[in-house]
Amino acid sequence: MTIAISRRRFLSRAATASLAAAFSSPLTSARAAAQRSGEAEFHAVDFHVHLDNSTLDKALELSRERGIKFGIVEHAGTKENQYPTLLSNDEEMRRYLAMLEGKHVFKGIQAEWTDWMTCFSRETLAQLDYVLTDAMTFPGKDGQRVKLWTQEAAQLVDMSDKQAFMDRFVDWHTQIMAREPFDILANVSWLPASMLEQWELYWTPPRMKKVINAALEYGIALEISSSYKLPRLPFLTLAKAAGVKFSFGSNGRYPNMGKLDYSLQMAKELDLKPADMFAPAPDGRKAVQRRKY
Ligand SMILES: [Zn+2]
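Residues numbered from 1 in each chain as written. Predicted model: local features only at pLDDT ≥ 70, side-chain atom pairs only at ≥ 80, totals over all residues. Heavy atoms only, no water.

Draft legend 1. The arrangement of the overall build of the protein chain in detail. Per the secondary structure count, the protein chain includes 13 helices and nine strands. In the protein chain, 71% of the contacts between residues at least 6 apart in sequence involve partners at least 24 apart. (Helix = DSSP H or I, 4+ residues; strand = E, 2+ residues; numbered from the N terminus. Contact = heavy atoms within 4.5 Å.)

What follows is the structure in structure tokens.
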């Protein structure tokens, strides 16, 4: 067990160091020294960090320790969404933005359901660095929002024909991407537990391409998720060839934020360069500013 853990740590450090090499051009002597000693530098960003059971100060401490900058994503949407903390109006959003102001983090939200943008003014949303969402909340038989990862999902969503569900699920991805002004699609290619073992059977190349094409069309980055270890390499390879941008995400609550082993491993396998990576858009080019909704 101990051996396995230290090997993982070693691989993670190796991947981080190699990524640091890819991300620093030209190399400063400090960076070169950091690489030689195997230390991570502030090259990788974890754009999917939740503060749920922690504080910003504790997260910042971890960020420094791990040498990884964090993008904080509080859940945001109407009060019908159930989360420990939920931003539902401009005032709550402004308080959140003020809390993050001047700290070494990116300011993001994880947008909920399809109507989140109606809760806030465009001006307030534009003060965020980015908006992240996923496709894991899905319309049930009566059109109600269903969290697909919960136990009751099996009763509320018709999954009797898994391939047919999969077609609807992929369409759901493209609908979200077409309608909502967000920057990062998180938890890409996630599947309900009953389907995950046969991931390849469900995420066929044509389905991958639908999501990839929508990402390109709407300028949305695809997250390489270290919590779910998804998408798998064939999906990422297609996405890279198509010219999609990627972000890294731990979906981490304390103390798991900044654990990017899988993301960094995939970045190495794909030989990702800075140009392949998502970076928050400059003012005027953020999704909430350039998209119609
Ligand atoms: Zn999340």
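Draft legend 2. Representation of the packing of helix α11 (residues 233–242) against helix α12 (residues 261–270). Interaxial distance between α11 and α12 falls to 11 Å at its minimum, and their mutual angle equals 55°. Here α12 runs oblique to α11, going by the angle between their axes. The handedness of the crossing between α11 and α12 comes out as right-handed. Here Leu233, Leu236, Thr237 and Lys240 of α11 come into contact with α12, specifically with Tyr262, Met266, Glu269 and Leu270. (Axes fitted to C-alpha atoms, helices over the stretch in contact; angles between N-to-C directions. Parallel < 35°, antiparallel > 145°, perpendicular 65-115°, else oblique. Left-handed = near helix turned anticlockwise from the far one by under 90°.)

Draft legend 3. Quick peek at the coordination of the zinc ion. Taken together, His48 (NE2), His50 (NE2), Gln110 (OE1) and Asn251 (OD1) make up the protein donors of the zinc ion, found 2.1 to 2.5 Å from the metal. In this structure, the zinc ion is surrounded by four donor atoms whose angles at the metal cover 78 to 169°, and the resulting shape is irregular. We note that the donor set of the zinc ion lies within a single chain, spaced as H-x1-H-x59-Q-x140-N. With a gap of 62 residues between them, His48 in strand β1 (residues 45–49) and Gln110 in strand β3 (residues 105–111) connect regions that are remote in the sequence. (Donors = N, O, S within 2.8 Å, 3.2 Å for Na, K, Ca; no water. Tetrahedral: all angles 85-135°; square planar, octahedral: opposite > 155°, others 65-115°.)

Draft legend 4. Region of the structure containing empty space enclosed by the protein. One pass over the full model with this rule turns up two cavities of 30 Å³ or more. Quantified by volume, the largest cavity comes out at close to 60 Å³. Lining the largest cavity we find Ala111, Glu112, Trp113, Thr114, Thr133, Asp134, Thr137, Trp172, Ile176 and Glu180. Here the lining of the largest cavity is composed, by residue class, of four nonpolar, three polar and three charged. In this model, the second largest cavity occupies a volume close to 40 Å³. What lines the second largest cavity is Asp134, Ala135, Met136, Phe169, His173, Leu185, Ala186, Asn187, Val188, Ser189 and Trp190. Among the residues forming the lining of the second largest cavity, the class breakdown is seven nonpolar, three polar and one charged. (1 Å grid on protein atoms, 1.4 Å probe; cavity = no way out; pocket = protein on both sides within 12 Å on 5 of 7 lines; lining within 4 Å. Points joined across faces, edges and corners; volume = space filled by probe spheres on them. Nonpolar A, V, L, I, M, F, W, Y, C, P; charged D, E, K, R; others polar.)

Draft legend 5. Structural context of α12. Inspection of α12 places Tyr262, Ser263, Leu264, Met266, Ala267 and Leu270 among the buried residues, and these make up the whole buried set. Positioned one or two residues after α12, Asp271 has a phi angle of 55°, which is positive. (Buried < 20%, exposed > 50% of the residue type's maximum accessible area, 1.4 Å probe, protein only.)

Draft legend 6. Molecular detail of the confidence of the model for the protein chain. Overall, the prediction assigns the protein chain a mean pLDDT of 89, with 86% of residues at 70 or greater. A low-confidence stretch, residues 1–15 (pLDDT under 50), is modelled with six contacts involving residues beyond four sequence positions or located in other chains. With pLDDT under 50 throughout, residues 24–42 is counted as low confidence; its partners more than four residues away or in other chains account for 24 contacts. (pLDDT = per-residue confidence, 0-100.)

Draft legend 7. View of the pairing of strand β8 (residues 221–225). Counting buried residues along β8, five of its five residues qualify, which places the element largely inside the surrounding structure. Burial along β8 is two-sided: the residues Ala221, Glu223 and Ser225 and Leu222 and Ile224 are all buried. Where β8 and strand β9 (residues 246–249) come together, four bridges link them in parallel fashion. When the sheet's bridge partners are listed, Ser225 is paired in β9 with Gly249. The handedness of the β8 to β9 crossover, carried by α11, is right-handed. (Pairing = 2+ DSSP bridges. Right-handed = clockwise from strand over helix to strand, strands pointing away.)

Draft legend 8. Quick peek at the nonpolar core. Core analysis: the largest hydrophobic core is formed by 77 residues, its most contacted members being Ile109, Phe169 and Leu222. Broken down by element, the residue count for this core peaks at seven residues, all from helix α7 (residues 162–179). Apart from the residues lying within four places of it in its own chain, the contact partners of Phe169 are Ala135, Phe138, Leu148, Trp190 and Leu191. Ranked by size, the runner-up nonpolar core spans ten residues in total, among them Val45, Ile184, Ala186 and Phe278. (Core = buried A, V, L, I, M, F, W, Y, C linked by side-chain atoms within 4.5 Å.)

Draft legend 9. Geometry of the environment of Pro205. Here Pro205 is to be found in helix α10 (residues 205–218). Expressed as a C-alpha distance, the spacing of Pro205 and Phe235, which sit 30 residues apart in the sequence, is 7.5 Å.

Draft legend 10. Inspection of the pattern of salt bridges at higher detail. Summed over all chains, the structure comprises ten salt bridges. With a closest N to O distance of 4.0 Å, Asp90 and Arg94 form a salt bridge. Remark: Arg94 and Asp90 occur in helix α4 (residues 90–100); sequence separation between them is four residues, near one turn of the helix. What makes Asp90 buried here is its relative accessible area of 16%. Note that Glu200 is salt-bridged to Arg232, the shortest N-O span being 3.2 Å. (Salt bridge = Lys/Arg side-chain N within 4 Å of Asp/Glu carboxyl O.)

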